[in-house]
Structure formats: structure tokens, C-alpha cells
Amino acid sequence: MRFLRYGPKGQERPGMLDVAGHVRDLSDHVRDLAGEVLAPERLAQLAALDPNTLPQVDGSPRLGPPVDGIGKILGVGLNYRSHAEETGAEPRAEPLIFSKAITALNGPSDAVMIPRGAAQADWEVELAVVIGRVSRYVEEDRALDHVAGYCVINDVSERSFQRERGGQFVKGKSADTFAPLGPWLVTPDEVPDPQNLALWLNLNGRRRQSASTADMIFPVAFLIAHISQFMTLMPGDVIATGTPAGVGLGCKPPEFLKPGDVMELGVEGLGQQRQEVIAYREGASA
Ligand code: ZN
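Everything quoted here is computed from the prediction, not taken from an experiment. Every chain is numbered independently, its residues counted from 1 as its sequence is written. Only residues with pLDDT of 70 or above have their local features reported here, since the model is predicted, and side-chain atom pairs are shown and tallied only from 80 upward, although totals for entire chains, interfaces and linings are computed over all residues. The basis for the side-chain values is all heavy atoms of the structure; hydrogens and waters are excluded.

Colleague: Tell me about the overall build of the protein chain, and name the residues and values.
Modeller: Helix and strand labels come from DSSP, where a helix needs a run of H or I of at least four residues and a strand needs a run of E of at least two; each type is numbered from the N terminus. Helix and strand counts for the protein chain stand at five helices and 19 strands. With the C-alpha coordinates aligned to their principal axes, the bounding extent of the protein chain is approximately 55 × 45 × 30 Å. Using a 1.4 Å probe on the protein chains alone, a residue whose accessible area is under 20% of its type maximum counts as buried, one over 50% counts as exposed, and one in between counts as partly exposed. In the protein chain, buried positions account for 55% of the 286 residues. Between two residues, a contact is recorded if the distance between any of their heavy atoms is within 4.5 Å. For the protein chain, long-range pairs separated by at least 24 residues make up 75% of all intrachain contacts whose partners lie at least 6 apart in sequence. For the accessible areas, the method is Shrake-Rupley and the probe is 1.4 Å, while residue cover comes only from the protein chains on display. Accessible surface computed for the protein chain: about 12,300 Å², of which carbon and sulfur atoms make up 49%.

If you want it as C-alpha cells, here you go:
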């Protein structure tokens, strides 16, 4: 099932997509897609509802992040062999984990704003995993039982803040609008193998990233198990699982985002995002 949240920023309502691609409102059944609603068995109950009994939403409303109550967004650095090679990084024994501020969250088609003082804003298509149950010291072979669903994330990054401002990565990953999430939360029954999904990103219509999640160094199940050794993962927490080669920093010479650019990106079976890049504007933040 594809779950989503639609409506103006900050006032999103829960919904799901029917087979014809129409948004169906879930407000009569659930207050929001958050917390214990994200438990796999609870989502299965919602998925079992007959869409024809749910109010159909006219037109194409704005979509927000497909889950609410996100407590943390964690990122994984250099988790694709191709991207690690383009940055010249040494292979790692353990994944590099960083966080992105919650205030960076954005809808999948909302504009991405270059922060004040930035000159190296960059794109990163990624598979995002949304946690569905409280997860601590999870075994790798049970880790996927803890997944509420999958979605697309653009791990937008300001490279100068990330690399030249004394650390940590969080400085370059956290500006407002730097975490477009969605369009949908796709439940695991529709994603039988998260390690076999194509992912891609176009900048201004030109393909820049194209890869498969099969190329991940540390797979989804390993990441959940590994991270849960260091912190408790809660329902709604998001793990951005890393980006493949083709980011602007890897170009020769490097290329970065500028106002007017358009990013389009997707992950197989999880839908697409589209963002226009805009200059910093006072008061325009999320
Ligand atoms: Zn990333």
C-alpha cells in the first residue's frame, strides 16, 4: 500500500493512493501516519480498508512527508561502492552515520532553498527506510520486521558546510528544505527486496545518478541492526541509506545547484520527486 500525507505545509492529512492513482482520505480512520500507527500490523489494517469507502480527494494536492512525528533522520555516508570511489574514500569497516535536522523535512515537490552563505549545494538520491517499531539491539535477520515502509529521500547537502566548517556532517545536511521525503510510504509487502531497486536523479533533464541498491556496501537490514546498537530507533525515524555516484561534488570540475535548477529523482516502485531550487529568502523557511 502507498500511504501519503496531503495538504498545505503543517496541515497535512493522512491518505492513501487507490489503484487508479487517486488520493483517498484516511482521516476518519486515523489521526495521522505517526507513532504506533506505523507498526506493520496497524498499517496492514489500514491497507485492508476498501478504498471505495474512503473519500476521494479531487485534483492533485500538495504532498508532505508521508509520515509525521519523525524523531530523527539518520544518514549513511559513502554506502555505495561507486560513490565511495568518486570521493576517493577508503573502504570502511563500519558505516559512517550522521544526522540531519528534523527541521530540514520537506514535501517531495516543495522547492529546495539554498541556505545563506552556501555555494556548494548538492543532490543525493537515496532509498529511505521508515522505522515501524521500537528498535534496540535488533538482530540483522529480524531487522526488516521493524520497517514501516520505504520512500524516496533527496539528501540535499551543502558541501562547504559539510566539509570545511570544522565538522560534523550535520552542519551541511540540515538546512531548511534539505530533506524532501516521499511522495509515498510504500509498505514492505510491495518491496520484497530493498537491495534490488533502481534509483536515479536528473538535474535539468540530464541523468546524473543511476544505480541499484544492490550496490550498497551495508544493506538495509545491517544498517537497522547496526544503528540500534547505539541508539533506540522509534516509529517514524528515518534512515537515508546513502547515495550512489553522480553527485555534483564528484564531477570534474565539481558542479553545484543554483537557483532555477530542477531536480527529478526516484526509486523503483517508490515514486518520484521533483524540486525547483530557489535562492535563500528571509522568512521562506519550512
Ligand atoms: Zn546521503
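Colleague: Run through the coordination of the zinc ion, naming residues and quoting values.
Modeller: With water excluded from the atoms, a metal site may look incomplete; its donors are any N, O or S atoms within 2.8 Å, or within 3.2 Å for Na, K and Ca. The protein atoms donating to the zinc ion are E124 (OE), E126 (OE) and D155 (OD), with metal-donor distances spanning 1.9 to 2.0 Å. Of note, the zinc ion draws all its donor residues from one chain, in the sequence arrangement E-x1-E-x28-D. The buried category is assigned to E124, whose relative accessible area is 4%. Residue E126 is classed as buried on the basis of its relative accessible area of 0%.

Colleague: Outline the sheet that holds strand β15 (residues 198-203), listing residues and values.
Modeller: Paired strands are those between which DSSP finds at least two bridges. Read across the open sheet, the five strands follow the order β8-β19-β18-β15-β16; overall the sheet is mixed. Whereas interior strands pair on both sides, the edge strands pair on one side only; in this sheet they are β8 (112-113) and β16 (206-212). Note that β15 and β16 share six bridges and pair antiparallel. Bridge pairing in β16 places L199 opposite A211.

Colleague: An account of the packing of aromatic side chains is requested, with residue identities and associated values reported.
Modeller: For Phe, Tyr and Trp, rings pair up if their centres lie within 6.5 Å, where Trp contributes its six-membered ring, and each pair is then called stacked (planes under 30 degrees apart), edge-to-face (over 60) or tilted (otherwise). Inspection of every chain in the model, using the stated rule, returns two aromatic pairs. Seen in terms of ring centroids, F98 and F169 are 5.5 Å apart; in terms of plane orientation they differ by 55 degrees. Their pairing is tilted. Placement of the pair is F98 in strand β6 (residues 96-100) and F169 in the loop between α3 (159-163) and α4 (170-173), with a sequence separation of 71 residues. Residue class for F98 comes out buried when judged on its relative accessible area of 7%. When the ring of F218 is compared with that of F222, the centres are 5.2 Å apart and the planes differ by 25 degrees; the resulting orientation is stacked. Since its relative accessible area comes to 22%, F222 is described here as partly exposed.

Colleague: Outline the nonpolar core, listing residues and values.
Modeller: Here is a general trend for soluble globular proteins: nonpolar side chains tend to be buried in one another's company. The biggest cluster of nonpolar side chains holds 76 residues, and the ones touching the most others in it are F3 and I224. Apart from the residues lying within four places of it in its own chain, the contact partners of F3 are G15, M16, L26, L33, L43, L46, A47, P66, P183, W184, L185 and T187. As used in this record, nonpolar core signifies buried Ala, Val, Leu, Ile, Met, Phe, Trp, Tyr and Cys residues forming a set joined through side-chain atoms within 4.5 Å.

Colleague: Any chance you could break down the domain arrangement of the protein chain for me, citing the residues and the numbers?
Modeller: What the domain assignment reports for the protein chain is domain 1 (2-53) and domain 2 (73-278). These domain limits were set by an automatic method or by a database of domain assignments. Using only C-alpha atoms to locate each centre, domain 1 and domain 2 end up separated by 24 Å. In this assembly, 11 residues from domain 1 lie in contact with 18 residues from domain 2. Note: buried area is the sum, over both parts, of the accessible area (probe 1.4 Å) each one loses when the two are combined. Roughly 1,100 Å² is buried in total at the junction of domain 1 and domain 2, and carbon and sulfur atoms are behind 59% of that figure. The largest per-residue losses of area from domain 1 upon contact with domain 2 belong to R2, F3 and L38, which jointly make up 50% of the total buried on that side. A pair is scored as a salt bridge if a Lys or Arg side-chain nitrogen falls within 4 Å of a carboxyl oxygen belonging to Asp or Glu. Viewed at the interface, domain 2 and domain 1 are joined by three salt bridges. We note a salt bridge from K9 to D110, for which the minimum N-O separation is 3.8 Å. In the analysis that follows, any N or O atom pair within 3.5 Å is treated as a polar contact, provided that within protein one partner can donate a hydrogen and the other can accept it, and provided that, for residues neighboring in sequence, both atoms belong to side chains. Where domain 1 touches domain 2, the interface holds four residue pairs in polar contact (both at pLDDT 80 or more). Along the lines of polarity and charge, the residues of the side of domain 1 that touches domain 2 split into seven nonpolar, one polar and three charged. Polar here means any residue outside two lists: the nonpolar Ala, Val, Leu, Ile, Met, Phe, Trp, Tyr, Cys and Pro, and the charged Asp, Glu, Lys and Arg; Gly therefore counts as polar.

Colleague: How would you summarise the pattern of salt bridges if you had to cite specific residues and measurements?
Modeller: In this structure the tally under the stated criterion is 21 salt bridges. The salt bridge involving R159 is made with E124; its shortest N-O contact spans 2.8 Å. With R159 in helix α3 and E124 in the loop between β9 (121-122) and β10 (125-131), the pair connects residues that are 35 residues apart, well separated along the chain. In terms of burial, R159 and E124 fall into one category: buried. With its nearest N and O atoms 3.0 Å apart, the salt bridge here joins K173 to D155. Of this pair, K173 sits in helix α4 while D155 sits in the loop between β11 (147-154) and β12 (157-158), and the two are 18 residues apart along the sequence.

Colleague: How would you sum up helix α5 (residues 220-227)? Please name residues and give values.
Modeller: In terms of burial, α5 is largely enclosed, as seven of its eight residues are buried. Those residues of α5 not exposed but buried are V220, A221, L223, I224, A225, H226 and I227.

Colleague: Run through the environment of G246, naming residues and quoting values.
Modeller: Relative to the helices and strands, G246 resides in the loop between β17 (238-240) and β18 (262-267). On the basis of relative accessible area, G246 is assigned to the buried category, the value being 15%. Linking G246 and D25, residues 221 residues apart in sequence, is a C-alpha distance of 38 Å. Apart from the residues lying within four places of it in its own chain, the contact partners of G246 are E86, W123, R208 and Q209.

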